[in-house]
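# Topology and contacts: notes
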Amino acid sequence: MDEKKYLSVGKILNFRGLRGEAKVGFTKGKNEQISSLKEVWVKGLKLNVETVRFHKQFALIKFKEINSIEELMEFKGENIYITREDMEKSLKEDEYLVSDLIGMNVFDDNDDLMGVVKTVGNNNGNDILCVVNEQMGKEILIPFAKELVPIVDLKKRRMTVKLIEGLVDNEI
């Protein structure tokens, strides 16, 4: 799938029940996004979501086009995609797609370049930016919280980090 147009929101792990309900793994904390799904793409095919319910840490999704275990089995192990446009509509204020943050320039509140976002990790539900300064040969881990990262400008591809004591001392 074209990663610029489609984004993965989960993976079909198995089936549940005889009607071909899919057992789907997804990122922790994304229940609201999963429960609002209307249509998805799997293996390049558009599937319409009939129902979504949750059991333990999984989503159980019934697709209108799939009515048996046998029909679902061809999709087992496949990722579920939605359009980037649909994903962007579901984002709340101050929520961003990880793919939009990767490669973004990071400046401190003195407007000095700290580095570039290399990855975005997660630690107990908190997003962590890994900022790399190649010239200085170091990585800085920054909690991605509004208090520490008050400005994220997607158009200019830059964010501003509020320097606090100890923040740049957590180098790897």
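In case you missed it, the structure is sitting above this.
Everything quoted here is computed from the prediction, not taken from an experiment. (Residues numbered from 1 in each chain as written. Predicted model: local features only at pLDDT ≥ 70, side-chain atom pairs only at ≥ 80, totals over all residues. Heavy atoms only, no water.)

### Comments concerning the overall build of the chain
What the chain contains, in helices and strands, is 4 helices and 12 strands. For the C-alpha atoms alone, the extent of the chain along its principal axes is close to 60 × 30 × 30 Å. Taking all 172 residues of the chain together, the buried fraction comes to 37%. Distance from the positive charge centre (27 side chains) to the negative charge centre (30 side chains) of the chain: 7 Å. (Helix = DSSP H or I, 4+ residues; strand = E, 2+ residues; numbered from the N terminus. Buried < 20%, exposed > 50% of the residue type's maximum accessible area, 1.4 Å probe, protein only. Lys, Arg positive; Asp, Glu negative; His and termini not counted. Charge placed at Lys NZ, Arg CZ, Asp CG, Glu CD.)

### With respect to the layout of surface pockets
Computed from the structure, the largest pocket encloses a volume of approximately 1300 Å³. Lining the largest pocket are 42 residues, with Thr27, Lys30, Gln33, Met87 and Tyr96 sitting closest to its centre. Residue assignment for the lining of the largest pocket shows that the elements contributing at least two residues are strand E1 (6-16), helix H1 (31-35), strand E6 (79-83), helix H3 (84-90), helix H4 (98-101), strand E8 (113-123) and strand E9 (126-133). The leading source of residues in the lining of the largest pocket is E1, at 5 residues. By residue class, the composition of the lining of the largest pocket is 18 nonpolar, 12 polar and 12 charged. (1 Å grid on protein atoms, 1.4 Å probe; cavity = no way out; pocket = protein on both sides within 12 Å on 5 of 7 lines; lining within 4 Å. Points joined across faces, edges and corners; volume = space filled by probe spheres on them. Nonpolar A, V, L, I, M, F, W, Y, C, P; charged D, E, K, R; others polar.)

### As for the pairing of strand E2 (residues 21-25)
Across the 5 residues of E2, 4 count as buried, placing the element largely inside the fold. Strand direction decides the pairing type here: E1 and E2, joined by 5 bridges, are antiparallel. Residue Arg16 lies in a different strand from E2, and its bridge partner there is Glu21. Connecting E1 to the antiparallel partner E2 that follows it, the hairpin turn spans 4 residues, and Gly17 within it adopts a positive phi of roughly 80 degrees. Note that E2 and strand E5 (residues 58-63) share 3 bridges and pair antiparallel. What sits directly across from Val24, in E5, is Ala59. (Pairing = 2+ DSSP bridges.)

### Regarding the environment of Leu163
Note on placement: Leu163 falls in the segment after strand E12 (158-161). Taking relative accessible area as the criterion, Leu163 reaches 33% and is therefore assigned partly exposed.

### Some words on the side chain of Arg84
For Arg84, the position within the fold is in helix H3. In terms of polar contacts, Arg84 uses its side chain to reach the side chain of Ser99, at 3.5 Å. In this view, Arg84 contacts Lys4, Lys5, Tyr6, Leu7, Leu97, Ser99 and Asp100; residues no more than four positions away in its chain are not counted. (Polar contact = N/O pair within 3.5 Å; in protein donor to acceptor, adjacent residues only side chain to side chain. Contact = heavy atoms within 4.5 Å.)

### Focus: the packing of aromatic side chains
Counted under the stated rule, the structure contains 3 aromatic pairs. Ring geometry for Tyr6 against Trp41: centres 5.5 Å apart, planes inclined by 55 degrees, an arrangement best described as tilted. Of the two residues, Tyr6 is situated in strand E1 and Trp41 in strand E3 (residues 39-42); the sequence distance between them amounts to 35 residues. Its relative accessible area of 13% is what places Trp41 among the buried residues. (Phe/Tyr/Trp six-rings, centres within 6.5 Å; stacked < 30°, edge-to-face > 60°.)

### Focus: the sheet that holds strand E11 (residues 151-153)
As summarised here, the arrangement of the 6 strands in space is E10-E9-E8-E7-E12-E11, forming an open sheet in which the pairing is mixed. Looking at which strands have only one partner, the edges of the open sheet turn out to be strand E10 (138-143) and E11. Looking at each pair of strands side by side, their axes are set apart by 35 degrees on average, direction ignored. Pairing geometry for E9 and E10, over 6 bridges, is antiparallel. Within E10, the position partnered with Ile128 by the bridge is Pro143. (Axes fitted to C-alpha atoms, helices over the stretch in contact; angles between N-to-C directions.)

### Regarding the environment of Leu47
Mapped onto the elements, Leu47 comes out in strand E4 (residues 45-55). Of the residues examined, Leu47 reaches a relative accessible area of 4% and is grouped as buried. Counting along the chain gives 12 residues from Leu47 to Ser35, while the straight-line C-alpha distance between them is 15 Å.

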